[in-house]
Amino acid sequence: LQDFVPPDGWIMKNLRGASLAMSDEQEASLLSTSRGIAAWHRSTVFCSSCGARMLAQKAGTSRKCTSCGITQYPRQDPAIITLVTCGDYALLGRKAAWNSGRYSTLAGFCEMGESIEETVHREVMEESGVSVDLSTLRFIASQPWLFP
């Protein structure tokens, strides 16, 4: 897209900024899926087993090798976003590079073979040094996320 020149009247927006402004969950979900599928197609041109070209199939939801026939599907990157509380207090984190006064809940990606609960425990410990009692975890909701 570096060479793309938008037609008159079009506005190019950063995807993150555009997604944060959306109030329609279906629209945000479609944007998330579209971005993920497009990025996957760009990075899965060749077969990881034999090196031959891959072709999109099933409306772009999978790719099939033109040589060995293996079918590949987009990878999933499960992650957690968690708010750790103790009474009226919440544990927040911050990156050293952030402006003063900016804080965030804790978050991270699941490692291979790790449950969501184990991810919460590990990420909170890594980012804050606080040990979480897994028996107190409550699941609130899930959502599609178009990053990384």
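Because the structure is predicted, anything quoted here is derived from the model rather than measured. (Residues numbered from 1 in each chain as written. Predicted model: local features only at pLDDT ≥ 70, side-chain atom pairs only at ≥ 80, totals over all residues. Heavy atoms only, no water.)

J.: Would you mind going over the overall build of the protein chain with me for this structure?
T.: Scanning the protein chain from terminus to terminus reveals 3 helices and 7 strands. Reading the protein chain from its N end, one meets helices and strands in the order α-α-β-β-β-β-β-β-β-α. What you see for the protein chain is a C-alpha radius of gyration of 20 Å, clearly larger than the 15 Å of a compact globule of 148 residues, by over 25%. Here the analysis covers contacts within the protein chain between residues at least 6 apart in sequence; of these, 28% occur between residues at least 24 apart. Where the 14 positive side-chain charges of the protein chain centre and where its 15 negative ones centre are 9 Å apart. (Helix = DSSP H or I, 4+ residues; strand = E, 2+ residues; numbered from the N terminus. Rg over C-alpha atoms; globule rule 2.2 N^0.38 Å. Contact = heavy atoms within 4.5 Å. Lys, Arg positive; Asp, Glu negative; His and termini not counted. Charge placed at Lys NZ, Arg CZ, Asp CG, Glu CD.)

J.: Any chance you could explain the pattern of salt bridges here in plain terms?
T.: Two side chains of opposite charge can pair, provided their charged atoms sit close to one another. Per the stated rule, a full pass over the model turns up 5 salt bridges. When the shortest N-O distance is used, the salt bridge between arginine 75 and aspartate 77 registers 3.1 Å. Of the residues examined, arginine 75 reaches a relative accessible area of 62% and is grouped as exposed. The salt bridge partner of arginine 122 is glutamate 114, with a shortest N-O separation of 2.8 Å. Side by side, arginine 122 and glutamate 114 carry an identical accessibility label, which is buried. Put simply, Glu111, Glu114, Arg122, Glu123 and Glu126 are held in one network by salt bridges that share partners. (Salt bridge = Lys/Arg side-chain N within 4 Å of Asp/Glu carboxyl O. Buried < 20%, exposed > 50% of the residue type's maximum accessible area, 1.4 Å probe, protein only.)

J.: I keep staring at the packing of aromatic side chains and nothing clicks. Help me out?
T.: Aromatic ring pairs are defined here through the distance separating the ring centres and the angle between the ring planes. This model, assessed by the stated rule, comprises 0 aromatic pairs. In this structure, arginine 94 packs its charged tip against the face of tyrosine 103, placed 5.6 Å from the ring centre. Stacked on the ring of tryptophan 98, the Lys or Arg arginine 102 has its end atom at 4.2 Å from the ring centre. (Phe/Tyr/Trp six-rings, centres within 6.5 Å; stacked < 30°, edge-to-face > 60°. Lys NZ or Arg CZ within 6 Å of the ring centre and 35° of its normal.)

J.: I would appreciate a short explanation of the pairing of strand E7 (residues 106–109) in the present structure.
T.: Along any regular strand, the residues point their side chains to alternate faces of the sheet. Alternating positions in E7 separate cleanly, Leu106 and Gly108 being buried on one face and Ala107 and Phe109 remaining unburied on the opposite face. With 4 bridges connecting them, strand E4 (residues 79–82) and E7 associate as antiparallel partners. Bridge pairing in E7 links alanine 79 to phenylalanine 109. (Pairing = 2+ DSSP bridges.)

J.: Please explain helix H2 (residues 25–43) as it appears in this structure.
T.: Residues three or four positions apart in an α-helix share a direction because the helix packs 3.6 residues into each turn. When the terminal C-alpha atoms of H2 are compared, their 27 Å separation across 19 residues agrees well with the 27 Å that a helix rising 1.5 Å per residue should span. All of the buried residues in H2 are Ser32, Trp40 and His41. Seen along its axis, H2 keeps its buried residues to an arc of 155 degrees; they face one direction. Residues of H2 that are exposed and point over 90 degrees away from its buried face: Leu30 and Arg42. Of the surrounding elements, those touching the buried residues of H2 are strand E1 (54–57), strand E2 (62–65) and strand E3 (71–72). (Expected span 1.5 Å × (residues − 1). Arc of directions from axis to C-beta.)

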